[in-house]
Amino acid sequence: MACDCIEMVNEKLAENNTRIMLPIMFGADQTKRPMLVTEQIETGRGKQKTIGMFATFCPFCGTRYTPGATP
């Protein structure tokens, strides 16, 4: 069972016109997960591009998003 931390945090953030980024998810698992946005260190031709990371556990309460899944 997923927690409702994202909804609770978004309610608080809305006071500052802000919300947590929730990307569109494809595939069987449609669990809402926050996306950790990264910043590219070096730019230019041939440099690796940034990647986004998805949380396996809720960063607020520690609940696993998909029970039984391997991290």
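Residues numbered from 1 in each chain as written. Predicted model: local features only at pLDDT ≥ 70, side-chain atom pairs only at ≥ 80, totals over all residues. Heavy atoms only, no water.

## A short note on the nonpolar core
Grouped together as the largest cluster of nonpolar side chains are five residues: Cys5, Ile6, Ala55, Cys58 and Tyr65. Contact partners of Cys5, with chain neighbours within four places excluded, come to Cys58, Phe60 and Cys61. (Core = buried A, V, L, I, M, F, W, Y, C linked by side-chain atoms within 4.5 Å. Buried < 20%, exposed > 50% of the residue type's maximum accessible area, 1.4 Å probe, protein only. Contact = heavy atoms within 4.5 Å.)

## Let's talk about the confidence of the model for the protein
In the predicted model, the protein carries a mean pLDDT of 84, and 90% of its residues have values of at least 70. Within the protein, no element has a lower average pLDDT than strand E1 (residues 35-36), which sits at 82, and none a higher one than helix H1 (residues 5-14), at 93. (pLDDT = per-residue confidence, 0-100. Helix = DSSP H or I, 4+ residues; strand = E, 2+ residues; numbered from the N terminus.)

## Observations regarding the state of the cysteines
A complete count under the given rule lists zero disulfides for this structure. Free of any disulfide, Cys3 has its nearest cysteine sulfur in Cys58, 3.6 Å distant. Residue classification places Cys3 among the partly exposed positions, given a relative accessible area of 23%. (Disulfide = S-S within 2.5 Å.)

## Remarks on the side chain of Arg33
Checked against the element boundaries, Arg33 lands in the loop between H1 and E1. Within the structure, the side chain of Arg33 is placed 3.4 Å from the backbone oxygen of Ala55, a separation counted as a polar contact. Beyond its immediate stretch of four places on either side in the chain, Arg33 contacts Ile6, Met21, Leu22, Pro23, Met25, Ala55, Thr56, Tyr65 and Thr66. (Polar contact = N/O pair within 3.5 Å; in protein donor to acceptor, adjacent residues only side chain to side chain.)

## Considerations on the pattern of salt bridges
Pairing is possible between side chains that carry opposite charge, provided their charged atoms lie close to one another. One pass over the full model with this rule turns up two salt bridges. In this structure, Lys32 engages Glu7 in a salt bridge whose closest nitrogen and oxygen atoms are separated by 3.8 Å. Placement of Lys32 in the loop between H1 and E1 and of Glu7 in helix H1 is noted, with a sequence separation of 25 residues between them. With a closest N to O distance of 3.1 Å, Glu42 and Lys47 form a salt bridge. (Salt bridge = Lys/Arg side-chain N within 4 Å of Asp/Glu carboxyl O.)

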